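Structural overview
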Amino acid sequence: MDETIINYIKNELIVSSEAIDIDAEDDLLGSGLVDSLGMMKLVSFIEKEFELKIPAQDMVIENFMTVACISDYLKAKVS
Amino acid sequence: MIYTIPKILENAVKGHPEKEALKYMSQSLSYSDLQQKAKALATLLLQLNLKKGDRVGIYMNRCIESFIAVYGITMAGGVFVPLDPSVPKDRTRFLINDCDIAHLITIPTQSRAIDGITKEPISLKTVIGLEKDLEVKTIPWKQVFETNSTEVVFPRILGKDLAYVMYTSGSTGLPKGIMHTHNSCLAYAKGSKEVYNVRANDVVASHAPLHFDISTFAYFTALLAEATTVILSDAHTKLPASLSQLMEKEKITIWYSAPQALIQLLSKGLLEEKDMSSLRWVLFGGEVFPKKYLKRLIELWPQAMFGNVYGPAEVNQCTYFNIDKNYKIENDLPLGEVWENTDYRILDNKDMPVEKGLHGILAIRSETMMLGYWNNNELTEQSLYRESILSDYDYVFFKTGDVVKENENGDLVFVGRNDRQVKIRGYRVELDEVEAQLIKHENVREAITYVEKKENDSGDTITAVVLLNTDGSIVDVKVLQAHCADNLPKYAVPEQIYIMNEFPRTTSDKVDRNKIKTKIAEDYNG
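Thresholds, definitions, all that
Numbering of residues starts from 1 in each chain and follows the order in which that chain's sequence is written. All chains are assigned letters beginning at A, and all ligands numbers beginning at 1, according to the order in which they are written. Only residues with pLDDT of 70 or above have their local features reported here, since the model is predicted, and side-chain atom pairs are shown and tallied only from 80 upward, although totals for entire chains, interfaces and linings are computed over all residues. Side-chain numbers come from the whole structure's heavy atoms, not from hydrogens or water. Where helices and strands are cited, they refer to DSSP runs of H or I of at least four residues and of E of at least two residues respectively, numbered from the N terminus. Between the two quantities, the radius of gyration covers C-alpha atoms and the globule rule is 2.2 Å times the number of residues to the power 0.38. Contacts are residue-level and defined by heavy atoms, with any inter-residue pair within 4.5 Å sufficient. Residue exposure ignores everything except the shown protein chains as possible cover, and the areas themselves are Shrake-Rupley values with a 1.4 Å probe. Criterion for a salt bridge: a side-chain nitrogen of Lys or Arg within 4 Å of a carboxyl oxygen of Asp or Glu. Summary of the burial criterion: residues with accessible area below 20% of their type's maximum are buried, those above 50% are exposed, and those between are partly exposed, where the area comes from a 1.4 Å probe applied to protein chains only. Strands pair, by our definition, only if DSSP identifies at least two bridges between them. Axis definition: a line fitted to C-alpha atoms, limited for helices to the stretch in contact. Angles are taken between N-to-C directions and run from 0 to 180 degrees. The arc in question is formed by the directions pointing from the helix axis toward the C-beta atoms. Here the quantity called buried area is the accessible surface, traced with a 1.4 Å probe, that two parts lose on coming together, added over both. Polar contacts, as counted here, are pairs of nitrogen or oxygen atoms within 3.5 Å of one another; within protein the pair requires one atom able to donate a hydrogen and one able to accept it, and residues that are adjacent in sequence qualify only if both atoms are side-chain atoms. Within 6.5 Å between ring centres, the rings of Phe, Tyr and Trp (the latter by its six-membered ring) count as paired, and their orientation is classed by plane angle as stacked under 30 degrees, edge-to-face over 60, tilted in between. Where each domain starts and ends comes from a domain assignment, either automatic or drawn from a database.

Across its full length, chain A holds four helices and zero strands. In terms of C-alpha radius of gyration, chain A reaches 12 Å, essentially the compact-globule figure of 12 Å for 79 residues. Across its three principal axes, chain A shows a C-alpha extent of roughly 35 × 20 × 20 Å. Look at the contacts in chain A between residues 6 or more apart in sequence, and 56% of them connect residues 24 or more apart. In the form shown here, chain A has an accessible surface area of approximately 3,900 Å², with 48% of it arising from carbon and sulfur atoms.

Here is the structure:
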């Protein structure tokens, strides 16, 4: 799950000709890796990829700070 | 008398020393704490041999340190230059060299980006705000705050001295620096404090980053009013549910942002159950607020006043339109009337004033006006309109480039642009700059760009259509996007890029932009 999300961020959200490494613990929000438009795209990607719906109230920092947070949130949601 | 940026703080400390000036996440700073920290930074800058008028870069997101930097730099007589940490490093390096920045102030979370900026030789001498093994000297915040500032004599600063240089998109393909003095900054802070009646018991949300000109409300007006500023973290501005929680929790009384931020909250349905009864002003600017969203917001927050704020960064603010309870929103909101201490002309393309009621370019003369563009007299002169009053005295107006007309109520109404400047999520983008960047790519022969209007929560985006070299070049559009992202801010990178074999042309062999748009819409958007 981590890898799918990281790949999406790397390939679709970060537009740069320089290679950027992201690991599951990197702060996606404070570091500027993902902007607000990117965050919206990431949410719709996750909804499609994992076939679930993320309610607006769940779009909070605790759930989306890092890829690890996103995975934890999704796992809790599925179970 | 408050006539410089440091005097804003000095005044607030006199009135409310222990009052909370800033809040950021779990941190909080009183007015006297803020002054002490700014003083320590100013002292350190003087020890680093900063001379009056020297430029100092501020490279960080919204945070408490960005306020300390603004007030510390100006206290030392320096000129601050906001640098957007989200733009590519080559663009940052260009800005640092363009205005000859010797000292850069940052925070540890920008460590990775600072590495990139300083890897190759650059004019920088010091990076303040982190500790790291770099080619240039670094000084951590801890050391800044330990600087003894008790005996220091700060330079004498006048209202007419340069205070900051704010960069914006330039049509030549390079960003241009807008120079503001303490006077123009204070004229704005005083004007906005009065128009919106900002008071010490207000809680102002700081949503715009420092490099976006509407940030001056939180950085200066709020402190002039001795109010409390709640600095929104980057994380909050990206996650609407967290943002609406924070607005409710902090009991924000004054909100000011580009419309996009509010539209996102609204369209996600995150505002309905929140108690936002503390809000008394909702201000927006940077671009037109789509009326269907604005109407819903007004219904949702009946107790709040809504204000459309207008003014290019070159003049800060120059008009206001506050929505009266009885006002019916049928068309886009007017820009409103010019505020106090401001005059205007509406000019035709020969710089002649038009007849009342006709379209023309808005020119503004005011105390809030910039000194000029950094290191570019020619561009400054082109942007001005002069009316000769005496043989050696002119009234000098800034030509905004915005086409307006005056309506029957005497309000100015926005009609369009007379050039190719567009707004993306409130930010100014010169389409010529985007095209210039595309053409720099080795495989691109010609490029045109336009704005794709989207009345939804993602906002307008830029579309590019390019022609590749005729040598059979193949290039992926992702590569072209990355090429743009290497030099342009994120919001200026085309969201869609299409490749055509040839552009439709007019009989005079000019590229027919309208035909291209229609063709792309037919071929790709069904």
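Once you've had a look at it, read on.
Here we come to the pattern of salt bridges. Residue and element names in this part refer to chain B. Counted under the stated rule, the structure contains 31 salt bridges over all chains. Here Lys238 and Asp234 are joined by a salt bridge, their closest N and O atoms 3.7 Å apart. Placement of both Lys238 and Asp234 in helix α9 (residues 234–238) is noted, with a separation of four residues, approximately one turn of the helix. Both residues of the pair, Lys238 and Asp234, count as buried.

Residue and element names in this part refer to chain B. With mixed pairing, the three strands of this open sheet are ordered in space as β25-β26-β27. Looking along the sheet, the strands with just one partner apiece sit at the ends: β25 (444–452) and β27 (496–500). Adjacent strand axes in the sheet meet at a mean angle of 20 degrees, parallel and antiparallel pairs treated alike. One ladder, built from eight bridges, connects β25 with strand β26 (residues 461–468); its direction is antiparallel. Directly across from Glu446, in β26, lies its bridge partner Leu467. Lying over the sheet, helix α14 (residues 431–439) contacts β25, β26 and β27, oriented at roughly 150 degrees with respect to β25. Against the sheet, helix α16 (residues 513–524) contacts β25, β26 and β27, and its axis sits at roughly 100 degrees relative to β27.

Right, let's get into helix α12 (residues 291–300) of chain B. All names here are of chain B. Along α12, the residues that are buried comprise Tyr293, Leu294 and Leu297. Buried residues in α12, looked at end-on, bunch into an arc of 100 degrees, giving them a common side. Elements in contact with the buried residues of α12: α11 (259–267), β13 (281–284), β14 (305–310) and β15 (319–323).

The next subject is the environment of Gly159 of chain B. Residues and elements named next belong to chain B. Tracing the backbone shows Gly159 in the loop between α6 (141–145) and β8 (162–168). Separated by 26 residues in the primary sequence, Gly159 and Cys185 have C-alpha atoms spaced 9.2 Å apart. Every residue in contact with Gly159, bar those within four places of it in the chain, is listed here: Tyr3, Thr4, Thr181, His182 and Asn183.

Counting residues at the interface gives 27 residues for chain B, matched by 27 residues for chain A. When residues of chain B are sorted by the area they lose upon contact with chain A, Lys238, Leu239 and Lys490 of chain B head the list and together hold 26% of the total. The interface formed by chain B and chain A contains three salt bridges. Two residues, Lys41 of chain A and Glu495 of chain B, come together in a salt bridge whose shortest N-O distance is 2.6 Å.

For the rest of this paragraph, the subject is the side chain of Thr228 of chain B. Residue and element names in this part refer to chain B. Considering the arrangement of structural elements, one finds Thr228 in strand β11 (residues 228–231). The class for Thr228 is buried, based on a relative accessible area of 10%. Within polar-contact distance, the side chain of Thr228 engages the backbone oxygen of Glu20 at 2.7 Å. Sequence-distant contacts of Thr228, that is, excluding residues within four places in its chain, are made with Lys19, Glu20, Ala21, Ala200, Asp202, Val203 and Val204.

Our focus in this paragraph is the packing of aromatic side chains. All names here are of chain B. Enumeration according to the criterion identifies 19 aromatic pairs over all chains in this entry. With a centroid separation of 5.6 Å and 90 degrees between ring planes, the pair formed by Phe217 and Tyr256 is classed as edge-to-face. Here Tyr256 lies in strand β12 (residues 254–257) and Phe217 lies in helix α8 (residues 216–224), a separation of 39 residues in the sequence. Both residues of the pair, Phe217 and Tyr256, count as buried. Judged by centre distance (4.8 Å) and plane angle (80 degrees), the rings of Phe284 and Phe289 are edge-to-face. A relative accessible area of 4% means that Phe289 is categorised as buried.

Residue and element names in this part refer to chain B. With domains assigned, chain B is organised as domain 1 (5–16 + 29–182), domain 2 (341–417) and domain 3 (429–524). Of note, the centres of domain 1 and domain 2, computed from C-alpha atoms alone, are 32 Å apart. Across the boundary between the two partners, domain 1 contributes twelve residues, which contact eight residues of domain 2. Taking both partners together, domain 1 and domain 2 bury about 890 Å²; carbon and sulfur atoms supply 69% of that area.

So, about the environment of Ile128 of chain B. Residue and element names in this part refer to chain B. Positionally, Ile128 belongs in strand β6 (residues 126–128). Remark: the alpha-carbon pair of Ile128 and Ala485, spanning 357 residues in sequence, is separated by 27 Å. Sequence-distant contacts of Ile128, defined by excluding residues within four places in its chain, comprise Leu41, Leu44, Leu45, Leu48, Leu104, Ile105, Thr106, Ile139 and Val144.

With respect to the secondary-structure elements, Ile54 of chain A resides in the loop between α2 (36–49) and α3 (61–64). Setting aside residues no more than four positions away along its own chain, Ile54 of chain A makes contact with Val43, Ile46, Glu47, Met59, Phe64 and Tyr73 of chain A.

All names here are of chain B. For Asn316, which is not glycine, the phi dihedral falls at a positive 60 degrees. Looking at the secondary structure, you find Asn316 in the loop between β14 and β15. Non-glycine residue Arg425 carries a positive phi angle of around 45 degrees. Of note, Arg425 is situated in the loop between β23 (421–424) and β24 (427–430). You can call Arg425 buried: its relative accessible area is 15%.

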